[in-house]
Amino acid sequence: MLHIAHLIERRFGAQRGSRLVAALSLASLSLLLLGLGLMSSRAAAQIADPAALATQALDRLDAGDYAQVEALFGPQMAAAVPADKLKAVWESLPAQVGKATGRGEADVSTQSGATIVKIPLHYEKAEMTATFAIDGEGKIAGFAVQFAQTAAPAPAVAADAPYGERDLMVGDGERALPGTLALPKGDGPFPAVVLVHGSGPHDRDETIGPNKPFLDLARGLAAQGIAVLRYEKRTKARPQDFAGGAFGVDDETTFDAVLAVDALRKTDGVDPKRVFVLGHSQGGLMAPRVAALSGHVDGLVLLAAPARPLLDILIEQNRRLAVLDDGKTSDAERDAINALIAQVRVARDPATDPMAKGPMGLSAGYWRSIDSVDPVAEAKRVNLPMLVLQGARDIQVVDADWQAWKGAFHDDPKVTFKLYDSLNHLGIAGEGEGSLAEYQRPGHVDPQLIADVANWIKAH
């Protein structure tokens, strides 16, 4: 997904290297509060009871003792997330997922020498997980609250399916990303499509809660005679590649999508002259740039693609989220929104150090890289056939973005538009006003949307 108009989606989860970064983004709701430096395994072993420390922090959060929670933080964490900011974030959570109803058992592990504690949190509208990173001094160095990943493993392809699946790597060497190719049975060559993820450290199925929209798209299109490549996003498979902090949106998305196009074009059974890119959410934002850099893309499918600057959309999302539950904005929610606006202003200031932290814990340089993307202008420059898809119940990428795409290309005969009244940001049908909790209900990408994509690709 991407980040946008009513959601807080995680952008980068636990990253190995110099720190743990996290974020408030869109389709994975993540309240990511800070980063952590790595420690030695020996230092991690010195922590007497990390689960008790994490539980103590949650108890104090629930009691509203934010200053006492701050006292449990390491120096970097305390400086970045003082008690007032912690209060604003924690008290905004019920507006998105309902009242807390209990907790599960703590799970303690060691990751790259860091002690990680995960505690399930039960809410009225969603299951979430609190993740703590504990440093060698027994202090909290990183803290995140995010939707629990409840999706079951992808089922095996049925023996009588009209397609098969096999592994296909994207890129070469140790930096290569694992992927899955769904290839129709029978005589090729077949038209083919690369799926490009939204924001967040997504797996190849773009798993969100119990839902796997990329799995649905890949198998649905393969059943209709189209080869599909989906792959692990670099922030999921190789977070260590971002440890230095100096990266931009092209490092996150564009370069790997270009490698995926190249891998697909070289695959037996694929027509190298009929390779398309389907970008979802932030992937749709970047799809025109992928096509421009590749030079071998024959058309674009934009699903829930933002047309406006993402930093503006991020502020809009948080404002909309604040009123979804009761039509009001609480003092804590207002404080959090004002803090975000200030962060955006600083991140956009050319005088700000590119390595300075910006919204969601990501660097100002990263945000300036994505803020410079003008997807509509870049789509005009590549001048390719496009299919633009939008769900009317999308609370992340909204009507303003849909209208911007239509306004720019309504008279272009190479561009087709499809609006689906009942679909949300994932392309899954529902009723009533959209909500964050909807992402935690199991569903599947709408068959009509998949059929529309298949028919459009076959026609080109």
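The structure under discussion appears in the preceding block.
In this report, we go over the structure that sits alongside the text. Remember, it's a predicted structure, so these values are computed and weren't measured experimentally. (Residues numbered from 1 in each chain as written. Predicted model: local features only at pLDDT ≥ 70, side-chain atom pairs only at ≥ 80, totals over all residues. Heavy atoms only, no water.)

### A short note on empty space enclosed by the protein
For the structure on display, the rule yields 1 cavity of 30 Å³ or more. A volume near 30 Å³ is recorded for the largest cavity. Around the largest cavity, the lining residues are Val 196, His 197, Tyr 231, Lys 233, Glu 252, Thr 253 and Asp 256. For the lining of the largest cavity, the element with the most residues is helix α9 (residues 249–265), which contributes 3 residues. Among the residues making up the lining of the largest cavity, the classes are represented as 2 nonpolar, 2 polar and 3 charged. (1 Å grid on protein atoms, 1.4 Å probe; cavity = no way out; pocket = protein on both sides within 12 Å on 5 of 7 lines; lining within 4 Å. Points joined across faces, edges and corners; volume = space filled by probe spheres on them. Helix = DSSP H or I, 4+ residues; strand = E, 2+ residues; numbered from the N terminus. Nonpolar A, V, L, I, M, F, W, Y, C, P; charged D, E, K, R; others polar.)

### Details of the sheet that holds strand β11 (residues 270–280)
The 8 strands are arranged β7-β8-β10-β9-β11-β12-β13-β14 in an open sheet whose pairing can be described as mixed. The open sheet has two edge strands with one neighbour each: β7 (163–167) and β14 (415–420). Going from strand to strand, the sheet's axes swing by 20° on average, the running direction of each strand aside. Relative to strand β12 (residues 300–303), β11 runs parallel, the two being bridged by 4 bridges. In the sheet register, Gly 279 faces β12, and the bridge partner there is Leu 302. Most of the contacts of α9 go to strand β9 (residues 190–196), to which it runs at about 160°, and overall it touches β8 (179–184), β9, β10 (227–231) and β11. Where helix α15 (residues 399–409) meets the sheet, its contacts fall on β12, β13 (386–391) and β14, and the angle it forms with β14 comes to roughly 155°. (Pairing = 2+ DSSP bridges. Axes fitted to C-alpha atoms, helices over the stretch in contact; angles between N-to-C directions. Contact = heavy atoms within 4.5 Å.)

### Focus on the pattern of salt bridges
In the structure shown here, the tally under the stated rule is 23 salt bridges. We note a salt bridge from Glu 252 to Lys 233, for which the minimum N-O separation is 3.2 Å. With Glu 252 in helix α9 and Lys 233 in the loop between β10 and α8 (234–237), this residue pair connects regions lying 19 residues apart in the sequence. The two residues Glu 252 and Lys 233 agree in class, both being buried. (Salt bridge = Lys/Arg side-chain N within 4 Å of Asp/Glu carboxyl O. Buried < 20%, exposed > 50% of the residue type's maximum accessible area, 1.4 Å probe, protein only.)

### Side note on the environment of Phe 242
Tracing the chain through its elements places Phe 242 in the loop between α8 and α9. Owing to a relative accessible area of 3%, Phe 242 belongs among the buried residues under this scheme. Expressed as a C-alpha distance, the spacing of Phe 242 and Glu 252, which sit 10 residues apart in the sequence, is 8.7 Å.

### Structural notes on the pairing of β12
Residues Leu 300 and Leu 302 point to one face of β12 and Val 301 and Leu 303 to the other, with burial holding for every one of them. Taken together, β11, helix α10 (residues 282–294) and β12 form a β-α-β motif whose crossover is right-handed. Pairing geometry for β12 and β13, over 4 bridges, is parallel. Following the sheet pairing, Leu 300 is matched in β13 by Met 386. (Right-handed = clockwise from strand over helix to strand, strands pointing away.)

### Quick notes on the packing of aromatic side chains
Evaluated as defined, the whole model comprises 8 aromatic pairs. Ring geometry for Phe 242 and Phe 247: centres 4.9 Å apart, planes at 75°, overall edge-to-face. Look at Phe 247 and you get buried, because its relative accessible area is 9%. On the basis of an interplanar angle of 55° and a centroid distance of 5.7 Å, the ring pair of Phe 247 and Tyr 366 is categorised as tilted. Of this pair, Phe 247 sits in the loop between α8 and α9 while Tyr 366 sits in helix α13 (residues 364–371), placing them 119 residues apart in sequence. (Phe/Tyr/Trp six-rings, centres within 6.5 Å; stacked < 30°, edge-to-face > 60°.)

Treat this as a map of the structure, not an account of what it does.
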